[in-house]
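# What the coordinates show
Next come the chains, spelled out residue by residue.
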Amino acid sequence: MLVAPSILSADFGNLARDVKAICDGGCDLVHVDVMDGHFVPNLTIGPVVVEAVAQAATKPLDVHLMVENNSFFVDLFAPIKPKIISFHIESENHAHRLVHKIKDLGIKPSVVLNPHTPIESIEYLLEDLHMVLLMSVNPGFGGQKFIPSVIEKASRLKELINKRNPNCLIEVDGGVNDKNVTLLKDAGVDIVVAGSYVFKHPEGVKTAIESLKV
Ligand code: DX5
Ligand code: ZN
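From a predicted model like this one, the values you see are computed outputs, not experimental measurements. All residue numbers refer to position in the chain's written sequence, counted from 1. Written order decides the labels, with chains lettered from A and ligands numbered from 1. Totals for whole chains, interfaces and linings use every residue, but because this is a predicted model, local features are given only for residues with pLDDT of at least 70 and side-chain atom pairs only at 80 or more, for both listing and counting. The basis for every side-chain value is the complete set of non-hydrogen atoms in the structure, without hydrogens or water.

### Considerations on the site of ligand 1
We apply this condition: Whether a residue is near a molecule or strand is decided by its heavy atoms; if any one of them lies within 4 Å of it, the residue is near. Pairing of N or O atoms within 3.5 Å defines a polar contact, subject to two protein rules: one partner must be a possible hydrogen donor and the other a possible acceptor, and residues neighboring in sequence count only if both atoms are side-chain atoms. Accessible areas in this description were obtained via Shrake-Rupley with a 1.4 Å probe; residue shielding takes into account the shown protein chains only. Ten residue types, Ala, Val, Leu, Ile, Met, Phe, Trp, Tyr, Cys and Pro, are classed as nonpolar, four, Asp, Glu, Lys and Arg, as charged, and the remainder, Gly among them, as polar.
Inspection of the region around ligand 1 gives 20 residues, with Gly140, Gly143, Asp173, Gly195 and Ser196 positioned closest. One nitrogen or oxygen atom from the side chain of Ser6 is found 2.8 Å from an oxygen atom belonging to ligand 1. Within the backbone of Gly143, one N or O atom sits 2.8 Å away from an oxygen atom of ligand 1. Contact with the protein chains covers 100% of the free accessible surface of ligand 1, which is 380 Å². The class makeup of the residues in the shell around ligand 1 is eight nonpolar, 10 polar and two charged.

### A few points about the coordination of the zinc ion (ligand 2)
Operational definition: Ligating atoms shown are N, O and S within 2.8 Å of the metal, or 3.2 Å for Na, K and Ca, and water is not included, meaning a site may look less than complete. Irregular is the label for any site that misses the other tests, which are tetrahedral for four donors with all angles between 85 and 135 degrees, and square planar for four donors or octahedral for six when opposite donors exceed 155 degrees and the remaining angles lie between 65 and 115. Here a strand is any run of E in DSSP of at least two residues, a helix any run of H or I of at least four, and the numbering for each starts at the N terminus. Accessibility here uses a 1.4 Å probe with only protein chains present; expressed as a share of the type maximum, an area under 20% marks a residue as buried, one over 50% as exposed, and anything in between as partly exposed.
Note on the zinc ion (ligand 2): its protein donors are His31 (NE2), Asp33 (OD), His64 (ND1) and Asp173 (OD). The metal-donor distances range over 2.1 to 2.3 Å. Because the angles between the six donor atoms bound to the zinc ion (ligand 2) fall within 70 to 170°, the donor set is best described as octahedral. Counting gaps between the donor residues of the zinc ion (ligand 2) yields the pattern H-x1-D-x30-H-x108-D. Here His64 is found in strand 3 (residues 61-66), whereas its partner Asp173 is found in strand 7 (residues 169-173), with 109 residues between them in sequence. Among the residues examined, Asp173 registers a relative accessible area of 8% and is labelled buried.

### Here we look at the sheet that holds strand 8 (residues 191-194)
Note the threshold: In this description, strands pair whenever DSSP reports at least two bridges between them. What counts as an axis is a line fitted to C-alpha atoms, over the stretch in contact for a helix, and the angles between N-to-C directions run from 0 to 180 degrees.
With parallel pairing, eight strands are arranged side by side in an open sheet as 1-8-7-6-5-4-3-2. Each having just a single partner strand, strand 1 (2-5) and strand 2 (30-35) make up the two edges of the open sheet. Looking at each pair of strands side by side, their axes are set apart by 25° on average, direction ignored. As judged from the three bridges shared by strand 7 and strand 8, these two strands associate in the parallel manner. Counterpart to Glu171 in the pairing with strand 8 is Ile191.

These results come straight from atomic positions and should not be treated as a statement about function.
See the structure below:
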């Protein structure tokens, strides 16, 4: 399992220190949650802070947009050169066009599905995607409870991926911990995002990250 700690649960007064700690602790990607206060009822960080995160990070950035105006935000973050940009299918009328725009910028495209959004909604995008991100909480906040139906959803998505684009990865985001990570692994998930579990682990971020590498 690859591990992408979400910096949403980091100490923002010591952001560079915390980003270095997860990178030194063996994470695979640094997950950055961008919220616009419209698509989700929370507001997080823009390109100035994400640039500082990129400076501190020794692992690639995994940017998760939770915004209404996806194309505008892609343009805003592209110069920082994240490895992956994920956008929500629920907020995009022209997903196919946006996937190709992200690709043309040299960034790997990914689409996010909220807990209620069916996987069939992206069936015809799969061949162009690097990754599908399944939300296992309602987006907007860290520290929420894992929604177990994502496990069956991941298994079904894996079948669809095997048929349409076996290289496409599955990432799961929200409420992930050492208890549910094995179930996710068995369902075919490649990458887990974990915020509060990693940053609030009593034995530190390195131990937390290691415990998710099943
Ligand atoms: C929620 C974010 C998540 C969040 C995960 O909208 O997309 O990345 O930070 O936090 P935990 O792991 O605490 O659920
Ligand atoms: Zn996220």
